[in-house]
Amino acid sequence: MSTGCIELMTGNALPDDSILSLCQDKHRRIVLAMIAHEKRSLTLNDLTKTVLKYNHHTPITEVPEDVLVEIRRSLYHIHLPKLSAAGLITYDQERQFVEPTEQFDQVQPTLSKILDVDPELETPIKL
């Protein structure tokens, strides 16, 4: 019987509606898909370029600097802290470094189902 929760390694549960809430924003969906595909540590710069590529469909050389700054700022101040607070990533703001956690691995099947039905995300997400 499904409890509607994903059991995390810590013994805490991340409810399915929390996962859905995290996936409501397109930038977070792109970041989650990127982490799921790469299965390794990534930099804020990597994630900024990926969001630009998949959300704006524009080469980095053709994007005004203010657009890049806004994407980077939203990742740094909003999206990555939310994913970190949910326990899905560790986020070193000083080094601008993102790593998936064991909890990310636990919720990845649910995340994959959500991300797979997003018609705007090309799969797999690549750098």
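See the structure above.
What you are looking at is a predicted structure, and each value in this text was computed from that prediction instead of being measured.

Procedures and definitions
- Residues numbered from 1 in each chain as written.
- Predicted model: local features only at pLDDT ≥ 70, side-chain atom pairs only at ≥ 80, totals over all residues.
- Heavy atoms only, no water.
- Helix = DSSP H or I, 4+ residues; strand = E, 2+ residues; numbered from the N terminus.
- Buried < 20%, exposed > 50% of the residue type's maximum accessible area, 1.4 Å probe, protein only.
- Polar contact = N/O pair within 3.5 Å; in protein donor to acceptor, adjacent residues only side chain to side chain.

(A) Structural context of unusual backbone geometry. Unusually for a residue other than glycine, Lys39 sits at a positive phi of about 50°. Looking at the element boundaries, Lys39 is found in the loop between helix H2 (26-38) and strand S3 (42-43). A relative accessible area of 59% means that Lys39 is categorised as exposed. Of note, Gln96 is a non-glycine position whose phi angle comes to about 55°, a positive value. Residue placement: Gln96 occurs in the loop between strand S4 (89-92) and strand S5 (97-100). Gln96 gets classed as partly exposed once you look at its relative accessible area, which sits at 26%.

(B) Just the side chain of Asp118, in detail. Looking at the secondary structure, you find Asp118 in the segment after helix H5 (102-116). Take Asp118: its relative accessible area is 9%, and that puts it in the buried class. Polar contacts involving the side chain of Asp118 include one to the side chain of Arg29, which spans 2.6 Å.

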